[in-house]
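Letter by letter, the chains look like this.
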Amino acid sequence: MRLFFALWPPTEAAEQLAGIARSTANQFGGKPTRQETIHLTLAFMGSVPEEQLPLLIQTAQIVHLAPFVLNIDSLGYWHRNHLLWAGSALPCIALAGLIENLQNALTKAGFAVDGRNRVFTPHITLIRKLPEDLVPPALPEIDAISWLCSSFTLVRSQTSDAGSFYQTIYDFPLRQC
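I will try to describe carefully the structure that is included in this document. (Residues numbered from 1 in each chain as written. Predicted model: local features only at pLDDT ≥ 70, side-chain atom pairs only at ≥ 80, totals over all residues. Heavy atoms only, no water.)

Some words on the overall build of the protein
Consideration 1: Across its full length, the protein holds three helices and ten strands.
Consideration 2: What you see in the protein, going N to C, is helices and strands ordered as β-α-β-β-α-β-β-β-α-β-β-β-β.
Consideration 3: When contacts within the protein are restricted to residue pairs at least 6 apart in sequence, long-range pairs at least 24 apart make up 79% of them.
Consideration 4: About 9700 Å² of surface is accessible on the protein, with carbon and sulfur atoms providing 51% of the total. (Helix = DSSP H or I, 4+ residues; strand = E, 2+ residues; numbered from the N terminus. Contact = heavy atoms within 4.5 Å. Areas by Shrake-Rupley, 256 points an atom, 1.4 Å probe, with all protein chains shown as cover.)

Structural data, given as C-alpha cells:
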C-alpha cells in the first residue's frame, strides 16, 4: 500500500485553493490539482506492507500536539519539479513540531520516511506539469487562507491514468497530552 500522512483542509479552504490552482493554471499552463486531492503532506511513507498497517497507526497515535491554525498566504514555484505550490511565508512552529514529532516516532518504530534527511518545505501542490521552459513572472499574491488543524490523516494513494485517488485510512485527532 502506498501511504502518506497529511493535513486535509476543510471544504472552504480546499475550494479557495482549488480556485487559485485553476486561475494560475489558466495563466501559466500545467495541470491544476483537483479540489478533492488538495492536502499538505506531513510524511510520505511510500510502499508499506499491509501487515504493518496496525503498527503504523499505533505509532502515529502517540503523537500529541494541540490543534493549531495554519495560514497559507504565499505561492512558490519549483522549476526542477515543474510545480506551483502554496505555503506560508513565515514558518509555522506548530506545523514544524507536528512534522518533527511524527517523523521521529515513525523512524523510531523502524519505518522509512521518504525524504527524511533533506530540507522539507511544507507546501500544498496546486499545479503539476508546468511547461518545462516556464520562467514565471512574479507570482501573484493570494489572500491568506487559514484553517484550524485539529487532526491529521493517514492516506492511501492510488494512481491511474486519470490521476491520483486518495482513501482515508485513519484520522488522528490533535490534542495536548
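Here the narrative resumes, following the displayed structure.
Side note on the pairing of strand 5 (residues 74–78)
Consideration 1: Taken together, the five bridges between strand 5 and strand 6 (residues 83–87) define a ladder with antiparallel strand orientation. Residue pairing across strands places Gly76 opposite Trp85, the latter belonging to strand 6.
Consideration 2: Hairpin connection between strand 5 and strand 6: a loop of four residues separates the two successive antiparallel strands, and His82 in this loop has a positive phi of roughly 55°. (Pairing = 2+ DSSP bridges.)

Description of the sheet that holds strand 9 (residues 151–160)
Consideration 1: If you walk across this open sheet you meet the four strands as 3-1-9-10, and the pairing is antiparallel. Edge positions in the sheet fall to strand 3 (40–47) and strand 10 (163–173), since each of these pairs with one other strand and no more. Sheet twist, expressed as the mean angle between neighbouring strand axes with direction ignored, is 25°.
Consideration 2: The pairing of strand 1 (residues 2–7) with strand 9 spans four bridges and is classified as antiparallel. Residue Ala6 lies in a different strand from strand 9, and its bridge partner there is Thr153.
Consideration 3: Across the sheet, helix 2 (residues 53–60) touches strand 1, strand 3, strand 9 and strand 10, and the angle it forms with strand 10 is around 55°. (Axes fitted to C-alpha atoms, helices over the stretch in contact; angles between N-to-C directions.)

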